[in-house]
Each structure stands twice: as C-alpha cells, then as structure tokens.
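Chains, contacts and geometry: an overview
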Amino acid sequence: ATASVSENTTRVMDLSANEAALWSIAPASGSLGVDGALFKIDGSSTLVFASPPNFEQPGRSPVYSVRVLAVDPAGNASAPKDLAITVTNVNEAPVAVGSVGAQTAVVGKAFSASLSGLVVDPDSIPSGFGTLSYSLTPALPAGLAFNSANQTISGTPTAAAAASIYTLKATDSG
C-alpha cells in the first residue's frame, strides 16, 4: 500500500482491519520496513511520523518504508503490511538568519552595505518553487539605492536624513 503526506506534518493514515485490532510497527525484513523507527502508532490505529519529515533533508529519499502489524483481541497477529509513504514538498516561507548593526552613510561619501545572506529559503534545493525576490522599506535617503539582485545598498547620499530602521523582505515566487 502507498500513501502521500506533505512534509512538516506527522499524521500519515488511519489503519484498518476487518475486526477490532491493535496496530504496531513491525520489524523490518530486508529492505521492507527499514524506516520503521521513524514512525509510531498514535492511539490504536493512526500511523504517524515520530517527528515531522523534511523533504529537503540532505541525502534522504522522500519515500519511506514501514511495516505494520495488527493483533486482534484474541492475540492473533496479521501478516505484516508493507507501506510506502511518500513525503511531498511544500513551499516554505523564507527565514531571516541574521541582522545588520547600525550603519552610517555620510553625505557626499560613497557608501555600500551588503545584506546578502540574511535570508535563506528552506526550499533551496530544486523544488519548482522559484527564487527569492527582495525589497527594502522604507525608502532610502536620496542618493542611495537598493539592488535587489545582489541585496546591496549603495550610492552617495546627497542629503542628510533622520536615522531609520529598514526592513528587508524576501518573497519566494512559489
């Protein structure tokens, strides 16, 4: 049997039998059920991941193999049921990972500050969710510009301006 679940969720499926049964994770057999330790039974019949899977986990296939077993009230065990659980990718929001301390731009003097690397995209592997685009608010003082392609503020200020707190916003096109 197969099932598909979105990454970052734990619930996989409700298990059912022809009669009342208590379900458990069965031992692996060869390549079947090798991911059993990553699952548990919630309640008496709901298969769940022990912790939410991450589609972008390096070196990890998105298909998980688990074996389950049902035992009826009389103690009779079913044959193990092999399941292939496919974890699907979801578009995750960009995450801020840094900040920039106070910067001073002097009128008439060239200024440059890089904001590159302050935001990461959890979907950075090829995912079909596009690339990040950047914006900076509020507007910069006259003579300075924000280059969204390389996340750099640069230019030569032409007039004094009051100190401001700026917000770098990253949006992913997915």
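Below is a summary of the structure that appears in this document.

Definitions and limits used
- Throughout this document, residue positions are counted from 1 along each chain, in the order its sequence is written.
- This being a predicted model, a pLDDT of at least 70 is required before a residue's local features are given, and a value of 80 or more before pairs of side-chain atoms are given or counted; all residues contribute to the totals for chains, interfaces and linings.
- Only hydrogens and water are set aside when side-chain values are computed; all heavy atoms of the structure are taken into account.
- Strands pair, by our definition, only if DSSP identifies at least two bridges between them.
- Helix and strand definitions follow DSSP, with helices as H or I runs of at least four residues and strands as E runs of at least two, each counted in order from the N terminus.
- Convention adopted: a line fitted to C-alpha atoms gives each axis, helices being fitted over their contacting stretch, and angles between N-to-C directions are expressed from 0 to 180 degrees.

**A word on the sheet that holds strand E5 (residues 46–49)**
- Ordered in space as E2-E5-E4, the three strands form an open sheet in which the pairing is antiparallel. The open sheet terminates on both sides in strands that have one partner only, identified here as strand E2 (11–14) and strand E4 (39–42). Each neighbouring strand pair of the sheet contributes to a mean axis angle of 25°, computed without reference to strand direction.
- Here E4 pairs with E5 via four bridges, running antiparallel. Note that in E5 the partner of Phe-39 across the bridge is Phe-49.

**Focus on the sheet that holds strand E6 (residues 63–71)**
- Taken together, four strands build an open sheet; the order of strands is E1-E7-E6-E3 and the sheet is mixed. Looking at which strands have only one partner, the edges of the open sheet turn out to be strand E1 (2–6) and strand E3 (22–25). Strand after strand, the sheet turns through a mean of 35° between neighbouring axes, direction not considered.
- Bridge count between E3 and E6: four bridges; the pairing is antiparallel. Each bridged residue has a counterpart across the sheet, and for Ser-24 the counterpart in E6 is Leu-69.

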